[in-house]
Amino acid sequence: MSTVLSGSQIRQTFLDFYAAKGHRILPSASLVPEDPTVLLTIAGMLPFKPIFLGQRQAEFPRATTAQRCIRTNDIENVGRTARHHTFFEMLGNFSFGDYFKEKAIAWAWELSTEVFQLPPERLVVSVFEDDDEAFAIWRDQVGVPPHRIIRMGKDDNFWASGPTGPCGPCSEIYYDFHPERGDDAIDLEDDTRFIEFYNLVFMQYNRDADGNLTPLQAQNIDTGMGLERMAQILQKVPNNYETDLIFPIIKTAAAIAGIDYAQADEKTKVSLKVIGDHIRAVVHMIADGIDASNEGRGYVLRRLIRRVVRHGRLLGIERPFTVEVAETAIALSEEAYPHVRQRQRSIKASLQEEEARFRKTLDRGEKLVAEILEKGTPSGEISGEDAFILYDTYGFPLELTQEIAEEKGLTVDVSGFEAEMEKQRTRSRDAHETIDLTVQGTLDTLAEQLRETEFLGYEQVASPATVTLLLVEGQTVSSATAGTSVQIVLDRTPFYAESGGQIGDQGYLSGDSLLVRIEDVKKEGSIFVHFGRVERGTLQVGDVVTAQIDLACRRRAQANHTATHLLQAALRQIVDENIGQAGSLVAFDRLRFDFNLPRPVTPEELQRIEEQINTWIAEAHRAHVAVMPLTEAKAKGAIAMFGEKYADEVRVIDFPGVSMELCGGTHVQNTAEIGLFKIISESGVAAGIRRIEAVAGPAVLEYLNLRDRVVRELGDRFKAKPEELPERITALQAELKATQKQLEAVKAELALAKSDQLLGQAEAVGNFKILVAQLEGVDADALKTVAERLLQKLGEGAVVLGSVPEPQKVSLVAAFSPAVNQKGLQAGKLIGAIAKLCGGGGGGRPNLAQAGGRDADQLPAALQAAREQLQAGLS
């Protein structure tokens, strides 16, 4: 095999190699992990965490994956080092209690030297300092010279899941770029010479709370080979960015900027590399259903997009460009990850919207820098805190802050900025970059000791069941008496547990003199937990009870759930065939369906959707429910929710010719059972995500009755027939608007009339006249008009006015003549300072500015402060 392989070939070669060794090839998990302790999938082993913890049985003893990962804890190093990334692919082979060190080491060496044909003399191995077993395997069985096996401490070569839990030593393989430097005093920390490309974790111990290590009964293997690093080695390029995995994106960005990468300086190359790295992360995050926002993983996405735009600006790109570079990233990904191409419309729409929004933010940031400069910098520099607020809150680049400051003859406190950055970095790392395999709740722990709950609810609405567990306020109990809220686990149940967007069933548990009202049901692993209240009698562990669901509620949920399937089918048929589910709620009284679409659904489309669904309902399509292999279901065209994990065997709900979906929920047997369907609203909930709320079945009548009652009440109030109401309300709105305009005009005239009386209060200060006064009950617009008029009559001078237009609301305005500005006084600065005395703020131009506040009691003091500043500045 040629050693010059493409990134795609390296990925497939790795997977094929381990498949030939009996490993099951599994697809990459979503970047949105099931693990609630981390925001994003940050390691190749994360999807297997429950197996390593012993919480879930492995379906096969060996697995291999190419896992997409996101890490942002070292984001400032991206583009500046040869191999730091936010998005990367980790190739891994895993053993769940099957093979251990000997095979893991032997296969890693075979893959590296025989398949990828790396020269053995260019490889160096590290082992944990106390791992004599691994050292011996590398030396005696593989044949690595002892001086090229480096023992390292626990900080580098001992992996732990957390303070307690699974842990074990590591062994790493390094590639030597400069073997000519010899083997004396090998320093694996020298990243100009060595690159670690394969990490083998031997998960062999369990650490208890006292720090004691005991061997695990089932010892596991967790490995990771960085795809980008191996591509750098095999493609013989100086860094990961110039591999075929990233460089085509860099070339696209360079072409947009009119730059020759080969001739570019280092600063320019850094910006191009950041764009190349970040756009890959952004494309895959959006493809996996993440929306830009100001919190959680949405904030990570927004920050990455903004860094792309910022570095484009540093390259001189003034037009929108992210969609163009994203297309290159999508093209590079689509072979290995087809869903990225399938979600391209959402990806591009989100990028377009976020880029446009951030370009406005950048403009606003430049104005904020100007305001900081205006308020003064006594030390001759912009503080690190101000610079960081501009960077972190407004996304304004430090480089641009420095550039503007330099033009003004100032500097920026970079060390202060870095200190603030380090605080944030520490918070981010502590919050998001550690996989803690020890986080477990009470129910998780207890669930391991209980048998799986047998679900009978597809066929039965009532059944006998035995109570196997009772919890009261999180503690296990043997019995619960009347009036107690309790969590109940049964050996079998007809109650549907909340999942797939459908809420849990309600109903009762009953027995001799016993009645328990069940209000909700949730799943913890394979256990159904019934949340209820003992209404009568005493419930004990071991009791045999009759579990009975509320059939009326179940029927409502069934109608709403099937209607949700019909809604998705209608959306794909009428609006866009690529629409996919982004979330849902199926309740007893309503349904909600979130879906990816970069624009609102038009009123005409909504009407057609509603009509189509009601047509399908009237046509009485029968449901065909079947359990089949996942591959067969997908081959038949069943729709799966993207990012959802499915077992090998899946349940398919098929209304032939209308809808076919993978679904574990409860449904009607015939669409005619739904009765009616009515859309209530359509709205946007995030960038590229729309939401339709609707009702079906009996809830439609309740909704229509409510609307009818409201319409009747409005008709009585406005003395109009229902069909006349829109016209009547429009006329009243127009009348109200006209009246408000008249009132505003009268207020303005009154304010102007009062202003003439104020002229007599003007005082002379040097060659200027100043007027500082309070006008009662005048709004901000009228106050501005009065100030401008008074200044015109005063000539050279300054006017500062305040008012309390409504309780605890202060309005302030300042108007200065050009000669006052020449004396160094600016309306914006003065008004902003005195507004703070009233608990507010504001600003504006040097000649005219407005501000507001919330503390009306301080207005006299604020106006006096303004008077004193003017007197001092103009005398």
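These notes cover the structure that comes with them. On a predicted model such as this, the values are computed, not experimentally measured, just so you know.

Side note on the pairing of strand S33 (residues 809–816)
With 7 of 8 residues buried, S33 is to be regarded as a mostly interior element. Relative to S33, strand S32 (residues 797–806) is paired through 7 bridges, and the arrangement is antiparallel. Counterpart to Ser-803 in the pairing with S33 is Ser-811. The antiparallel hairpin formed by S32 and S33 contains 2 residues in its connecting segment, where Gln-808 sits at a positive phi of about 60°.

Digging into the packing of helix H7 (residues 247–257) against helix H10 (residues 322–333)
Across the interface, H7 lies against H10 with an axial gap of 9 Å and an inter-helix angle of 160°. Of the possible angle classes, the one that applies to H7 and H10 is roughly antiparallel. When the axes of H7 and H10 are compared, the crossing they make is right-handed. Mapping the contact onto sequence places Pro-248, Ile-249, Thr-252, Ala-253 and Ile-256 in H7 and Glu-324, Val-325, Thr-328, Ala-329 and Leu-332 in H10. For the contact of H7 with H10, the per-class residue count stands at 7 nonpolar, 2 polar and 1 charged.

As for the pattern of salt bridges
For the structure shown, the criterion picks out 37 salt bridges. Note that Arg-357 is salt-bridged to Glu-354, the shortest N-O span being 2.5 Å. Of this pair, Arg-357 and Glu-354 both sit in helix H12 (residues 344–375), 3 residues apart, which is roughly one turn of that helix. According to the relative accessible area criterion, Arg-357 is partly exposed, its value standing at 33%. Each member of the salt-bridge network shares a partner with another, and the members are Arg-148, Asp-176, Asp-183 and Arg-193.

Here we look at the packing of aromatic side chains
Tallied over the full model, the rule gives 18 aromatic pairs. Ring geometry for Tyr-99 against Trp-107: centres 4.9 Å apart, planes inclined by 70°, an arrangement best described as edge-to-face. When sorted by exposure, Tyr-99 lands in the same class as Trp-107, which is buried. Here the aromatic residues Phe-14, Phe-17, Tyr-18, Tyr-99, Trp-107 and Tyr-198 are joined through ring pairs into a cluster of three or more. Over the ring of Phe-135 we find Arg-151; its NZ or CZ atom is 4.5 Å from the centre of that ring. Above the face of the Tyr-458 ring, Arg-651 is positioned so that its terminal group lies 3.6 Å from the ring centre.

Rules behind the numbers
- Residues numbered from 1 in each chain as written.
- Predicted model: local features only at pLDDT ≥ 70, side-chain atom pairs only at ≥ 80, totals over all residues.
- Heavy atoms only, no water.
- Buried < 20%, exposed > 50% of the residue type's maximum accessible area, 1.4 Å probe, protein only.
- Helix = DSSP H or I, 4+ residues; strand = E, 2+ residues; numbered from the N terminus.
- Pairing = 2+ DSSP bridges.
- Axes fitted to C-alpha atoms, helices over the stretch in contact; angles between N-to-C directions.
- Parallel < 35°, antiparallel > 145°, perpendicular 65-115°, else oblique.
- Left-handed = near helix turned anticlockwise from the far one by under 90°.
- Contact = heavy atoms within 4.5 Å.
- Nonpolar A, V, L, I, M, F, W, Y, C, P; charged D, E, K, R; others polar.
- Salt bridge = Lys/Arg side-chain N within 4 Å of Asp/Glu carboxyl O.
- Phe/Tyr/Trp six-rings, centres within 6.5 Å; stacked < 30°, edge-to-face > 60°.
- Lys NZ or Arg CZ within 6 Å of the ring centre and 35° of its normal.

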